[in-house]
Every structure is written in C-alpha cells, then in structure tokens.
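Notes for the structure review
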Amino acid sequence: MTRTLLVTGGAGFIGSNFIHMIVEDRPDWKVVNFDALTYAGNLENLASLESNPNVTFVQGDCAEPDDVQRGFDACGDGPVSVIHFAAESHVDRSILGGLPFVRANVLGTQVMLDAARARKTERFVHVSTDEVYGSLGATGFFTEETDLDPSSPYSASKAGSDMLVQAAHRTHGFETLTTRCSNNYGPYQFPEKLIPLIIANAREDKPLPVYGDGMQIRDWLYVRDHCEAILTVLEKGTSGEVYNIGGHNEYPNIDIVKAILSALDKPESLITYVKDRPGHDRRYAIDASKIERELGWKPRWTFEQALPATIEWYLANDEWSQGVRSGAYRDYLKTQYGS
Ligand code: NAD
Ligand code: TYD
C-alpha cells in the first residue's frame, strides 16, 4: 500500500535514519518531514535526499497548531499516518531546565494528536522511550506492564506524552501505537549523547567525562534496528498497544568508553570521572518479547558489528561532526562540564 507519512522530528538522529530507511525500503511512499530545526535538528542529515521528489520538508513547531496544520496540508488529501519523533531528548539538558521539555514533549504531543484526529489520519505512532519506566536494580527487565516511574524532567515529559496518547485512544478511539525503545546509537547522533561524545573527544585527545562510578547500565540498540521496529509497528501493530523495543545488549557505561578507546587506539588515561548526574537511573534493560512474538521483529545488528560501523561513520564524516558542534553547542558543553 502506498502511504504518505508525516514524520515529526525527521531532521534529528532517529528521525533522519528513519526517513533514509523509508526511501530505501518503501520507495513509493511519500514523506513530509516536519521539524522545528532546534539545535538537534540538522537538514544535513538528509542532504542526499534533497532532490528526491517523495521527501518534502516543512519547518514548524509541534506545539504550534498553525505550524502543524501546514505540515498536514503538505501531505495532500490522501491517507496519512504520523510517526511522532519530535521531542527535546537529552536528559542533561532537561536537568538544566525542564520547561522546553514540557512544551515540546507534552504540549507538542497534544497539539499533534488533536490535529491528527481532525485530519482523520490512519495511524499515529508515538516514539517513546524505556526511560519512562525509571530505574531497574541489578536484575529484571522492563515489560509493557511495568509502572511508569520517570526520574528526569525528560523522562517525566515523555511519560506525560505517553499518557496523552493513551487518552486519545481510550477516549476518542483514535488509532495510536506507542513504542518504548532503549538507548540508540549510530550515524547522525548529536554529539552530546554518550557514544558520539566519547568518539569526538577521544579523537581529539580530550578528557572523556564518565559520570559517577561509570557502572550505570544501558541497553544499546543500533538505530537501524529501532527504525525497522517502528515500521513494523506501523504496518502490523495493534491499535492502542505499547511495544517495547530492545536487543538484550546491556553494558556498563565504562565498558562502552573503553571499547571506543580501544577501537580508536587511544589511552585509558583520557577517562575522567566527573560528578554524577542528579537522579541518575542505574540500569535500563528491555524485555522486547512482545514485539518479537506478536509482530515478528528482531534486531539484525549485533553490537560487535554496529559499534565499529558507527565509529567508522563518525571518522568518515568529520565535516558533519564539526558542523553540528557549533558555537551554541560549545556553550552547552561549558555549562554542563565546566571548563
Ligand atoms: P534528537 O534530539 O536527535 O532529534 C529531535 C528532533 O526533533 C530534532 O530534529 C528537533 O529539531 C526536533 N524537534 C524538537 N522539538 C520540536 C518541536 N517542538 N517541533 C518540531 N520538531 C521538534 O532526538 P532522537 O534521539 O532522534 O529521538 C527521537 C525520538 O525518539 C524522541 O521522541 C526520543 O524521546 C525517542 N527516543 C530516543 C532514544 C535515543 O536513544 N536517542 C531512545 C528511545 C526513544
Ligand atoms: P546519554 O547518552 O545521555 O543517554 P541517557 O541518559 O538517555 O541514557 O547517556 C548514556 C549514559 O552515559 C548515562 O548513564 C549517562 C552517561 N554519560 C556519561 O557518563 N558521560 C557523559 O558525558 C554523557 C553524555 C553520558
């Protein structure tokens, strides 16, 4: 079936990888990329698709109903589904100030839901995160039944958006699907997040900031696997359901940092333990058996393949890395890590 997708946040990390995948795997589909182009949004991520007639761009803010209307207008009159990636996404920035997160993630999601219902869209896929579940102890996994227990303004605002999506389904019978994925890595990730930050600093022999004891555990998934899972949920998911996405790939942060140092042949003396993140979640781990059992999705990339491929990508795309590390980004680094 030919489809038109309104992809919010398509100029960001996962959204741009998703659009590249759609162009490859569903070449007759149309995509309207609706993005505010915040510091994290970068049209360079989609430069190779500039002349593709199936991909159009509308600059706008999800929290502004008039902007969102322009986004839907660009989709034409046929059937449309929404993939809602747009969000403020960085925990450390949310600790510095929560308001932009409430605006983009909570208000932005409600504006999108209202406009999508009015437009009678087919399906609304809400891209959420495992961080809404809070922190695990040494054992156990997040399932779709785990209570929401967010720790940061980021994860609290995502939990709020998840509740609004649930309400749109229960109250209005609107076709929604919610995904909750673990930490992603891969090309086009803004270098404020752990893996691209460590690659960028290590290359330049700068200190590698490791929060607290470095023993916090994240469950890493290659971004392409996440994108394939979202497409699977769009095409096969049951309306109103939540699907956890993950690949059973848990590592303490310090192991990730050491693996990158080893791949780049850099010394461990660059590791610099810094003050811990307030409210730092100790461990995330996803039970993704529902999406595997019900929809037949499975990750295709192992960490042993995808981490080196990711490092290679950053080495080969130095211009991209330099471009996104603009003046504003340097100001953020100063606020976050000091001199
Ligand atoms: P990102 O920060 O790289 O990109 C976010 C994009 O949204 C940017 O292009 C930005 O310009 C845009 N945006 C922000 N506010 C907007 C607004 N008000 N209106 C329109 N556009 C706006 O984020 P990401 O890492 O690609 O994450 C995308 C989604 O996936 C988010 O909803 C995030 O919560 C979720 N998620 C991320 C991860 C991860 O590891 N990165 C894991 C699970 C879920
Ligand atoms: P991050 O990439 O910000 O993702 P999230 O907080 O959403 O999981 O951080 C991943 C882990 O790495 C998290 O436990 C915090 C830690 N971390 C550091 O130790 N140093 C850093 O400079 C950054 C950015 C993160």
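Whatever comes next refers back to the structure up there.
Presented here is a report on the structure given in the accompanying data block. Being a predicted model, the structure only gives us computed values, none of them experimental.

What follows concerns the overall build of the chain. Each helix and strand in the chain was counted, giving 12 helices and 13 strands. The C-alpha atoms of the chain give 19 Å as radius of gyration, which agrees with the globular expectation for 339 residues (20 Å, within 12%). Seen along its three principal axes, the alpha-carbon backbone of the chain occupies a region of about 60 × 45 × 35 Å. Relative to its full complement of 339 residues, the chain shows a buried share of 55%. A fraction of 84% describes how many contacts in the chain between residues 6 or more apart in sequence connect residues 24 or more apart. Here the chain displays about 14,300 Å² of accessible surface, and carbon together with sulfur accounts for 51% of that area. The chain carries 32 positive and 47 negative side-chain charges, and their two centres are separated by 1 Å.

Moving on: the packing of aromatic side chains. This structure, assessed with the given rule, holds 17 aromatic pairs. Taken together, a centroid distance of 6.4 Å and an interplanar angle of 80 degrees make the contact between Phe 101 and Tyr 154 edge-to-face. Of this pair, Phe 101 sits in helix H4 (residues 99-118) while Tyr 154 is found in helix H5 (residues 153-172), placing the two residues 53 residues apart along the sequence. One aromatic cluster is present, formed by Tyr 185, Trp 220, Tyr 222, Tyr 251, Trp 301 and Phe 303 through successive ring pairs. One cation-aromatic arrangement involves Arg 218 over Tyr 284; the distance from NZ or CZ to the ring centre is 4.0 Å.

Moving on to the site of ligand 2. Around ligand 2 lies a shell of 18 residues, among which Glu 131, Arg 218, Arg 277, His 280 and Tyr 337 are the nearest. Between ligand 2 and the protein, one listed contact pairs an oxygen atom with a side-chain N or O atom of Asn 253 at 2.9 Å. Arg 277 is positioned such that a nitrogen or oxygen atom in its side chain is 2.5 Å from an oxygen atom of ligand 2. In isolation ligand 2 offers 510 Å² of accessible surface; the protein chains occlude 97% of this area. With 3 residues, the top contributor of residues to the shell around ligand 2 is strand E8 (residues 208-211). A per-class count over the shell around ligand 2 returns 8 nonpolar, 5 polar and 5 charged.

Glancing now at the pairing of E8. The alternating pattern of E8 places Leu 208 and Val 210 and Pro 209 and Tyr 211 on opposite faces, both of which are buried. Two elements, E8 and strand E13 (residues 271-274), share 4 bridges in a ladder whose sense is parallel. In the strand pairing of E13, Leu 208 is matched with Ile 271.

Counting residues in each nonpolar core, the largest one holds 34 residues, and the members touching the most others are Leu 5, Val 7, Phe 18, Ile 22, Ile 83, Phe 85 and Ile 291. For this core, the secondary-structure elements that each account for two or more residues are strand E1 (4-8), helix H1 (13-25), strand E5 (124-129), strand E6 (176-181), helix H7 (223-236), strand E11 (242-245) and helix H9 (289-295). Ranked by residues supplied to this core, first place goes to H7 with 7 residues. The residues touching Val 7, leaving out its near neighbours within four places in the chain, are Phe 18, Ile 19, Val 31, Val 32, Asn 33, Phe 34, Ile 83 and Phe 85. Counting residues in each nonpolar core, the second largest holds 30 residues, with Ile 198, Ile 271, Leu 307 and Tyr 329 among its members.

Turning our eyes to something else, we now look at the layout of surface pockets. There is about 490 Å³ of room inside the second largest pocket. As for the second largest pocket, its lining consists of 18 residues, and the residues nearest its centre are Asn 201, Lys 206, Leu 333, Tyr 337 and Gly 338. Elements supplying a minimum of two residues to the lining of the second largest pocket: E8, E13 and helix H12 (327-337). Considering each element in turn, the lining of the second largest pocket owes the most residues, 6 residues, to H12. Considered class by class, the residues forming the lining of the second largest pocket number 7 nonpolar, 5 polar and 6 charged.

So, on to the site of ligand 1. Of all residues adjacent to ligand 1, which total 28 residues, the nearest are Ile 14, Asp 35, Ser 89, Tyr 154 and Lys 158. A distance of 3.4 Å separates an oxygen atom of ligand 1 from a polar atom in the backbone of Val 127. With the chains in place, 95% of the 830 Å² that ligand 1 exposes on its own is no longer accessible. Looking at the shell around ligand 1, the elements with two or more residues in it are H1, E5 and H5. The leading source of residues in the shell around ligand 1 is E5, at 3 residues. Split into classes, the residues belonging to the shell around ligand 1 amount to 14 nonpolar, 11 polar and 3 charged.

Rules used throughout
- Residues numbered from 1 in each chain as written.
- Chains lettered and ligands numbered in written order.
- Predicted model: local features only at pLDDT ≥ 70, side-chain atom pairs only at ≥ 80, totals over all residues.
- Heavy atoms only, no water.
- Helix = DSSP H or I, 4+ residues; strand = E, 2+ residues; numbered from the N terminus.
- Rg over C-alpha atoms; globule rule 2.2 N^0.38 Å.
- Buried < 20%, exposed > 50% of the residue type's maximum accessible area, 1.4 Å probe, protein only.
- Contact = heavy atoms within 4.5 Å.
- Areas by Shrake-Rupley, 256 points an atom, 1.4 Å probe, with all protein chains shown as cover.
- Lys, Arg positive; Asp, Glu negative; His and termini not counted.
- Charge placed at Lys NZ, Arg CZ, Asp CG, Glu CD.
- Phe/Tyr/Trp six-rings, centres within 6.5 Å; stacked < 30°, edge-to-face > 60°.
- Lys NZ or Arg CZ within 6 Å of the ring centre and 35° of its normal.
- Near = heavy atom within 4 Å.
- Polar contact = N/O pair within 3.5 Å; in protein donor to acceptor, adjacent residues only side chain to side chain.
- Nonpolar A, V, L, I, M, F, W, Y, C, P; charged D, E, K, R; others polar.
- Pairing = 2+ DSSP bridges.
- Core = buried A, V, L, I, M, F, W, Y, C linked by side-chain atoms within 4.5 Å.
- 1 Å grid on protein atoms, 1.4 Å probe; cavity = no way out; pocket = protein on both sides within 12 Å on 5 of 7 lines; lining within 4 Å.
- Points joined across faces, edges and corners; volume = space filled by probe spheres on them.

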